[in-house]
Amino acid sequence: MDKKDRVLDKKEFITALNLVEKEKGIDKEIILEAIEASLLTACKKNYGSTQNARVEINRETGDIKVIAQKEAVEEVYDPNTEISLEEAREINPDAEVEDLIDVEVTPKNFDRISAQTAKQVFVQKFREAEREKLYNEYIVKEKDIDTAIVQRTERRNVIVSLGKMEAMLPFREQIPGEEYKFNDRIKVYILEVRQTSRGPQINVSRTHYELVKRLFELEVPEIFDGTVEIKSIAREAGSRTKIAVYSKNPEVDPVGACVGHNGQRVNVIVDELKGEKIDIIPWSENPGEFIKAALSPAKVIAVATGETETEKFAKVVVADNQLSLAIGKEGQNVRLAARLTGRKIDIKSEAQAIATKFLDIEEPEKDETAEEAEASEEIEAVETVEEVETTETEAVDAAEETEETAETEADEAVEETEAEADEADEEAVEAAEDEAEEE
């Protein structure tokens, strides 16, 4: 390869670096500095020790030089570290004894070594820079949500695409019972972005409670702009979530803002979470009111709160027919309420509370007026029943008398009819006898 070709290759190399910097966003200075360091190592390995040496690459032409610093002396004892004053003044006319002079010590055939080294370093630094660029692009998305496309399943872990990078959805971070099909688009919460020797590694989640929070920020403008604040969230992924919201503006209903017109806003989130139920409750500074709301849909009769050195607690009393509703299926409702409020909650029915003096609740006593009224009502009811029975008896007697009278009249009518018939027969017989006598 002649000098012209070598110059052409060096210029092409610089052009390639400029192109990579422009298209890939990789700083060419990083690559050039790495090449310079590698060339210095190769120089020392192949041509012996060169103390105080450095490699310089011209950023415009690509020319490579090995520069060593040597001390100007009257008489040279070590050519590797010293230079005569006469030679030093040829390089720098103002040189004096003990001055450090930059001397080019580029070995012969160094172009061949530099070309091999440059290629290896370029490829290595290109990959490292690509990995660093991807890492910097996705590290800012950590603890946020993104749209992922399902690619495949590996040992129960789901691999999803986040655009330029693939991420892993571990089995423990998957919603129980949820199916992930190829090319499905899902929202995921980016748990962690970690730099490794093989490049960035990203783990995502579908079960993290922050996923619900970020979804509400996307769907509810009042949360995004800070008017409505999410105070706390308790979630059992795939089943139920409770979320406490608070409005900084008295004219804005925090619950209504999250629900939306005809439930439009919250329904979008429910659909994204494959039907997971979401309870939205108003947050309150009053612990008792907050706990009452957290236990909805159960109706709470009384709440007492307290705390010890190690925990906060609450005692709750509900109506007898509300106990199972307050506890929830397998204790889910009270468990979520406890996590939402940050308190250990003990629930009893009204009857249990009265029997055990749980909250010093006593059975309400009826006053005398009420008892008298009840007694009067009972007496009136008894009298009314007796009157009804008497009326029924009289009606039965009257009916029987009417029936007997009707039967008697009928018998008399029959007797009269029979008597008239007998008389008619007798008259007919007599008339016949009279005719016979006349004949």
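Structure: above.
First things first, this report covers the structure right here in the doc. Every value quoted in this text rests on a predicted model; they were computed, and no experiment measured them.

1. Some words on the overall build of the chain
Moving on, step 1. Secondary structure summary: the chain contains 13 helices and 15 strands in total.
Moving on, step 2. Relative to its full complement of 439 residues, the chain shows a buried share of 34%.
Moving on, step 3. Restricting to contacts in the chain with at least 6 residues of sequence separation, those with at least 24 account for 57%.
Moving on, step 4. For the chain, the computed accessible surface area is about 28,100 Å², with 46% contributed by carbon and sulfur atoms.

2. Notes on the packing of helix α5 (residues 209-219) against helix α8 (residues 264-272)
Moving on, step 1. At their nearest, the axes of α5 and α8 sit 10 Å apart, and the two run at 140° to each other. Considering the angle they form, α5 stands oblique to α8. Two packed elements cross with a definite hand, and for α5 against α8 that hand is right-handed. Here L215, F216 and E219 of α5 come into contact with α8, specifically with R265, V266, V268, I269 and E272.
Moving on, step 2. Grouping the amino acids of the contact of α5 with α8 by side-chain chemistry returns five nonpolar, no polar and three charged.

3. Things to note about the packing of aromatic side chains
Moving on, step 1. Inspection of the entire model under this criterion finds two aromatic pairs.
Moving on, step 2. The interplanar angle of 80° and the centroid separation of 5.5 Å between the aromatic rings of Y246 and W283 together place this pair among those described as edge-to-face. A residue pair is termed long-range when its members are at least 10 positions apart, and Y246 in strand β11 (residues 240-247) and W283 in the loop between β12 (277-282) and α9 (287-294) qualify at 37 residues.
Moving on, step 3. Classification of Y246 by relative accessible area gives partly exposed; the value is 31%.
Moving on, step 4. The interplanar angle of 65° and the centroid separation of 6.5 Å between the aromatic rings of W283 and F290 together place this pair among those described as edge-to-face.
Moving on, step 5. Residue class for W283 comes out partly exposed when judged on its relative accessible area of 24%.
Moving on, step 6. Among the aromatic residues, ring-to-ring pairing joins Y246, W283 and F290 into one connected group.
Moving on, step 7. Taking NZ or CZ as reference, R156 lies 4.0 Å from the ring centre of F171, over its face.

4. Observations concerning the pairing of strand β4 (residues 100-104)
Moving on, step 1. With burial as the criterion, only one face of β4 is covered, namely that bearing I101 and V103; the residues L100, D102 and E104 on the opposite face remain uncovered.
Moving on, step 2. Of the strand pairs in this sheet, strand β2 (residues 64-73) and β4 are connected by five bridges, and their pairing is antiparallel. Note on β4: the bridge partner recorded for E71 is L100.

5. Some thoughts on the sheet that holds β11
Moving on, step 1. As summarised here, the arrangement of the three strands in space is β10-β11-β12, forming an open sheet in which the pairing is mixed. Where the open sheet ends on each side, the last strands, each with one partner, are β10 (228-236) and β12. Recorded for the sheet is a direction-independent mean angle of 20° between the axes of neighbouring strands.
Moving on, step 2. Packing of α5 onto the sheet brings it into contact with β10, β11 and β12, and relative to β10 it is tilted by some 145°.
Moving on, step 3. Along the sheet face, helix α11 (residues 332-341) touches β10, β11 and β12 and points at about 140° away from the line of β10.

6. Examining the packing of α9 against α11
Moving on, step 1. Where α9 meets α11, the closest approach of the two axes is 9 Å, and the angle between their N-to-C directions is 145°. Where α9 crosses over α11, the two elements pack in a sense that is right-handed. On the side of α9, the interface is formed by F290, I291 and A294, while α11 contributes A337, L340 and T341.
Moving on, step 2. Counted by class, the contact of α9 with α11 contains five nonpolar, one polar and no charged residues.

7. Describing the sheet that holds strand β13 (residues 300-307)
Moving on, step 1. One open sheet accounts for three strands, arranged β13-β14-β15; its pairing is mixed. Two strands in the sheet have a free side with no partner beyond their single neighbour: β13 and β15 (344-349). Put simply, the sheet's adjacent strands are angled 15° from each other on average, direction ignored.
Moving on, step 2. Note: strand β14 (residues 312-318) against β15, six bridges, orientation parallel. Looking at β15, one finds that A314 is bridged to I345.
Moving on, step 3. In the packing of α9 onto the sheet, contacts are made with β13, β14 and β15, and the angle to β13 comes to roughly 125°.

8. Considering the pairing of β10
Moving on, step 1. For β10, the tally of buried residues reaches seven of nine residues, placing the bulk of the element in the interior.
Moving on, step 2. Note: β10 against β11, eight bridges, orientation antiparallel. Looking at the pairing, E236 lines up with R240 of β11.
Moving on, step 3. Linking β10 to β11, which pair antiparallel, is a turn of three residues; within it G238 sits at a positive phi near 85°.

9. Some points on unusual backbone geometry
Most of the time, phi is negative for any residue but glycine, and the peptide bond is trans.
Moving on, step 1. Residue P297 follows S296 across a cis peptide bond; omega there is 15°.
Moving on, step 2. The topology assignment puts P297 in the loop between α9 and β13.
Moving on, step 3. Even without a glycine there, the phi angle at R155 is positive, about 50°.
Moving on, step 4. Given the relative accessible area of 82%, R155 is considered exposed.

10. Considering the pattern of salt bridges
Moving on, step 1. Inspection of every chain in the model, using the stated rule, returns 20 salt bridges.
Moving on, step 2. When the shortest N-O distance is used, the salt bridge between R59 and E36 registers 2.6 Å. Taken together, the residues span a long stretch of sequence, with R59 in the loop between β1 (53-57) and β2 and E36 in helix α2 (residues 28-47) at a distance of 23 residues.
Moving on, step 3. One salt bridge connects K242 with D279, and the closest N-O pair in it is separated by 3.3 Å.

11. As for the side chain of S161
Moving on, step 1. Examined against the element boundaries, S161 turns out to sit in strand β6 (residues 157-161).
Moving on, step 2. Judged by relative accessible area, S161 falls into the buried class, the value being 17%.
Moving on, step 3. Among the polar contacts made by the side chain of S161, one reaches the main-chain amide nitrogen of G163 at a distance of 3.3 Å.
Moving on, step 4. If near-sequence neighbours (up to four positions away) are discounted, S161 is found in contact with T147, A148, I149, Q151 and E166.

Rules behind the numbers
- Residues numbered from 1 in each chain as written.
- Predicted model: local features only at pLDDT ≥ 70, side-chain atom pairs only at ≥ 80, totals over all residues.
- Heavy atoms only, no water.
- Helix = DSSP H or I, 4+ residues; strand = E, 2+ residues; numbered from the N terminus.
- Buried < 20%, exposed > 50% of the residue type's maximum accessible area, 1.4 Å probe, protein only.
- Contact = heavy atoms within 4.5 Å.
- Areas by Shrake-Rupley, 256 points an atom, 1.4 Å probe, with all protein chains shown as cover.
- Axes fitted to C-alpha atoms, helices over the stretch in contact; angles between N-to-C directions.
- Parallel < 35°, antiparallel > 145°, perpendicular 65-115°, else oblique.
- Left-handed = near helix turned anticlockwise from the far one by under 90°.
- Nonpolar A, V, L, I, M, F, W, Y, C, P; charged D, E, K, R; others polar.
- Phe/Tyr/Trp six-rings, centres within 6.5 Å; stacked < 30°, edge-to-face > 60°.
- Lys NZ or Arg CZ within 6 Å of the ring centre and 35° of its normal.
- Pairing = 2+ DSSP bridges.
- Salt bridge = Lys/Arg side-chain N within 4 Å of Asp/Glu carboxyl O.
- Polar contact = N/O pair within 3.5 Å; in protein donor to acceptor, adjacent residues only side chain to side chain.

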